[in-house]
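This is what each chain is made of:
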Amino acid sequence: MMMEVSLSRRDFLRGGQKNRPRICPPGVALSDLAACSGCAKCVEACPTGIIVMADGLPSVDFSVGECTFCGKCAEACPEPVFAAPAAQRFDHVMAIGERCLAFGNIDCQACRDACPTEAIRFRPRRGGPFVPELLEDACTGCGACVSVCPASVIEIKERATEMQYA
């Protein structure tokens, strides 16, 4: 029996797909997925096609596009999964990995050009191409930078939260 595996060209050249953590749609926490019936109406409603079903539950795949925070996934969901009002950012931010082409003296600013909030800036350095800098306060975690990165080095990082002492 042969099992069909769907790999993107980038994943194939990198030796297969990595086990990625589940990224919930905007406004959805992992605990909210307990109310999900697995109907996939959010998948059908997503205009950018980034919501996919994984193990019967919705998950976001930024390798195919970005989240525009249109709220169509929340509108289509018949269950109490999505928080109201529609979220305008994720609980994570993006992080640029050490294997970024700019750190290897190759000029690339694809992530900056794709970022709708201008959260990725490039600062000059002596003797090489500009290097990326991510402004966490401006990052919505939309993933626009992920699919355009030719080196696949943009990752998800938990949003920094301040500790409060009672």
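Residues numbered from 1 in each chain as written. Predicted model: local features only at pLDDT ≥ 70, side-chain atom pairs only at ≥ 80, totals over all residues. Heavy atoms only, no water.

1. Notes on the overall build of the protein chain
Regarding its fold elements, the protein chain presents four helices and six strands. Taken from the N to the C terminus, the helices and strands of the protein chain come in the order α-α-β-β-α-β-α-β-β-β. Taking all 166 residues of the protein chain together, the buried fraction comes to 34%. Partitioning the contacts of the protein chain with sequence separation of at least 6, the portion at a separation of at least 24 is 62%. Of the accessible surface of the protein chain, which amounts to about 10,800 Å², a share of 52% is contributed by carbon and sulfur atoms. (Helix = DSSP H or I, 4+ residues; strand = E, 2+ residues; numbered from the N terminus. Buried < 20%, exposed > 50% of the residue type's maximum accessible area, 1.4 Å probe, protein only. Contact = heavy atoms within 4.5 Å. Areas by Shrake-Rupley, 256 points an atom, 1.4 Å probe, with all protein chains shown as cover.)

2. Observations regarding the packing of aromatic side chains
Tallied over the entire structure, the rule returns two aromatic pairs. Consider the rings of Phe62 and Phe90, whose centres lie 5.6 Å apart with planes at 80°: the pair is edge-to-face. With a gap of 28 residues between them, Phe62 in the loop between strand S2 (57-60) and helix H3 (72-76) and Phe90 in the loop between H3 and strand S3 (92-96) connect regions that are remote in the sequence. Under the relative-accessibility criterion, Phe62 is labelled buried at 4%. Its relative accessible area of 4% is what places Phe90 among the buried residues. A network of ring pairs unites the aromatic residues Phe62, Phe69 and Phe90 as a single cluster. (Phe/Tyr/Trp six-rings, centres within 6.5 Å; stacked < 30°, edge-to-face > 60°.)

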